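Structure at a glance
Listed here are the chains, written in short residue letters.
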Amino acid sequence: NKGELFVFPVLANKQIYYPLDKENKKKKIKILFYGSFIPLHGIDIILETFSLMEKAGINFEAKIIGTGQIYSKMKNLYEKLELKNVQMDGKFIDENKLAQEIREHDIILGIFGDSKKAKSVIPNKLYQAVASRKTIVTMYSEAIFEFFDEKDLITCDRNALVLCENLVNLINNPNLLESTAENGYKKFLEIYDKTKTDFENFISKIDNKIERK
């Protein structure tokens, strides 16, 4: 392509996704996954991870929000694993309620699908999580590090045991959980402001070229 190009990160609406002024200390770490139940999300990995955590006696609560293409299959797996600390009701909620759910949880899960797309994208929920000053844990993707650094979020392989180890490490290290959330939030604000400035400059540059023609 010989034309002018601009890479525009998805970002998140700061009027909807924003942090609480003051976080309440919780006895249990609360983990959230939300999505449309497509293979891209790797919900089977997430459910298997929660099963490993329950068997290990880890003190946590989790909620899975959404429904879709593979919900019935994942519901069967959920029931087979007999998860006690995980809520999964197959319902969608509106965006403002979703943002509130994000603010009420400590860890947000990204995607863990086994596809080329899953391994080459920055999940939309990543931006929504960091905009809300929450720690996100998602599958490693080179695309993520075009905008973020390792201190801004937690990435790992698509593997239930590895994901479990990362979640337990965060639960056992509240300082790491807090610092990762704070780093991610600061990076989001930097990306947001930089994107605004860069896009305005890009449009101005295009306008000037058109005027010269």
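Residues numbered from 1 in each chain as written. Predicted model: local features only at pLDDT ≥ 70, side-chain atom pairs only at ≥ 80, totals over all residues. Heavy atoms only, no water.

As for the environment of S120
Selection rule: The helix and strand labels rest on DSSP assignments: H or I over at least four residues marks a helix, E over at least two residues marks a strand, and numbering proceeds from the N terminus. Distance and chemistry together define a polar contact, namely a pair of N or O atoms within 3.5 Å, with one atom able to donate a hydrogen and the other to accept it when in protein, and with adjacent residues in sequence counting only for side-chain atoms on both sides.
The topology assignment puts S120 in the loop between β4 (107–109) and α4 (124–131). C-alpha of S120 to C-alpha of S141: the two residues are 21 residues apart in sequence and 5.8 Å apart in space. Polar contacts involving the side chain of S120 include one to the main-chain carbonyl oxygen of K116, which spans 2.9 Å.

Examining helix α2 (residues 71–81)
Quick note on the threshold: With a 1.4 Å probe rolled over the protein chains alone, any residue whose accessible area is under 20% of its type maximum counts as buried; one over 50% counts as exposed, and the rest are partly exposed. Think of the arc as the fan of directions from the helix axis to the C-beta atoms. In what follows, residue pairs with any heavy atoms lying within 4.5 Å of each other are defined as contacts.
Every buried residue belonging to α2 is among Y71, M74, L77 and Y78, and all of these are buried. The buried residues of α2 all sit within an arc of 125° when viewed along its axis, so they share a single face. Among the exposed residues of α2, those oriented more than 90 degrees off its buried face are S72, K73 and K80. Contact partners of the buried residues in α2: α1 (43–55) and β3 (86–88).

What about the nonpolar core?
Under the convention used in this document: Residues belong to one nonpolar core when they are buried, are Ala, Val, Leu, Ile, Met, Phe, Trp, Tyr or Cys, and are joined through side-chain atoms within 4.5 Å.
Judged by nonpolar contacts, the single largest core of 40 residues is most densely connected at I31, F50, M53 and L109. Sorting elements by how many residues they give to this core places helix α5 (residues 160–172) first, with 7 residues. In this structure, L109 is in contact with I31, L32, F33, I46, F50, K125, I136, V137, L163 and L167, ignoring residues within four places of it in sequence. Counting 23 residues, the second-largest nonpolar core is a separate cluster that includes L11, Y34, L126 and F188.

Considerations on the packing of α1 against α2
Rules: Inter-axis angles, ranging from 0 to 180 degrees, are taken between N-to-C directions of lines fitted to C-alpha atoms, where helices are fitted over the stretch in contact. In this scheme, roughly parallel covers angles under 35 degrees and roughly antiparallel covers those over 145, while 65 to 115 is roughly perpendicular and the rest are oblique.
Where α1 contacts α2, the two axes come as close as 10 Å, and the packing angle between them is 10°. Taken as axis vectors, α1 and α2 run roughly parallel relative to one another. Counting all contacts with α1, which are made through I43, D44, L47, E48 and S51, the residues of α2 involved are M74, L77, Y78 and L81.

A few points about the pairing of strand β1 (residues 29–34)
Selection criterion: Paired strands, in this sense, are two strands between which DSSP finds at least two bridges. When the strands point away from the viewer, a crossover counts as right-handed if the route from the first strand across the helix to the second turns clockwise.
With 5 of its 6 residues buried, β1 lies for the most part within the structure. Sheet topology places β1 next to strand β2 (residues 60–65); 6 bridges connect them, and they run parallel. Residue pairing in the sheet places K30 in a bridge with E61 of β2. Handedness of the β1-α1-β2 crossover: right-handed. Bridge count between β1 and β4: 2 bridges; the pairing is parallel. By the bridge assignment for β4, I31 is matched with I107.

Some thoughts on the pattern of salt bridges
A side chain with one charge may pair with a side chain of the opposite charge, provided their charged atoms come close. What counts, and what does not: Each reported salt bridge corresponds to a side-chain nitrogen of Lys or Arg within 4 Å of a carboxyl oxygen of Asp or Glu.
Overall, the coordinates contain 9 salt bridges when judged by the stated rule. One salt bridge in this structure joins E182 and R133, with 3.4 Å as the shortest N-O distance. Of this pair, E182 sits in helix α6 (residues 174–212) while R133 sits in the loop between α4 and β5 (135–139), and the two are 49 residues apart along the sequence. Of the charged contacts, one joins E200 and K196 as a salt bridge, the two residues approaching to 3.0 Å between their closest N and O atoms. Here E200 and its partner K196 are both found in helix α6, 4 residues apart, which amounts to about one turn of the helix. Here the salt bridges share partners, and the residues they tie into one network are D149, K151, D152 and K187.

Quick notes on the layout of surface pockets
This is how the line gets drawn: The rule is simple: put a 1 Å grid over the protein atoms alone, call a set of points where a 1.4 Å probe fits but cannot get out a cavity, call an open set with protein on both sides within 12 Å along at least five of seven lines a pocket, and count a residue as lining if it has an atom within 4 Å of a point. Grid points are joined across faces, edges and corners, and a volume is the space filled by probe spheres set on the points. All residues other than Ala, Val, Leu, Ile, Met, Phe, Trp, Tyr, Cys, Pro, Asp, Glu, Lys and Arg, Gly among them, are scored as polar; the first ten of these are nonpolar and the last four charged.
Its boundaries defined by the atoms lining it, the second largest pocket holds a volume of some 270 Å³. Lining the second largest pocket are 16 residues, with Y34, G35, S36, H41 and K125 positioned closest to its centre. At 3 residues, α4 tops the list of elements feeding residues into the lining of the second largest pocket. Partitioned by chemical class, the residues of the lining of the second largest pocket number 9 nonpolar, 6 polar and 1 charged.

Quick word on the side chain of K63
Its place among the elements puts K63 in strand β2. The class for K63 is buried, based on a relative accessible area of 18%. Ignoring sequence-local partners within four residues, the contact set of K63 consists of I31, L32, F33, Q87, E101 and H105.

Topic: the pairing of β2
Among the 6 residues in β2, 5 count as buried, and that is most of the element. Summarising the sheet, β2 and β3 pair through 3 bridges and their orientation is parallel. When the sheet's bridge partners are listed, K63 is paired in β3 with Q87. For the segment spanning β2, α2 and β3, crossover handedness is right-handed.

Nothing here speaks to function; it is all geometry.
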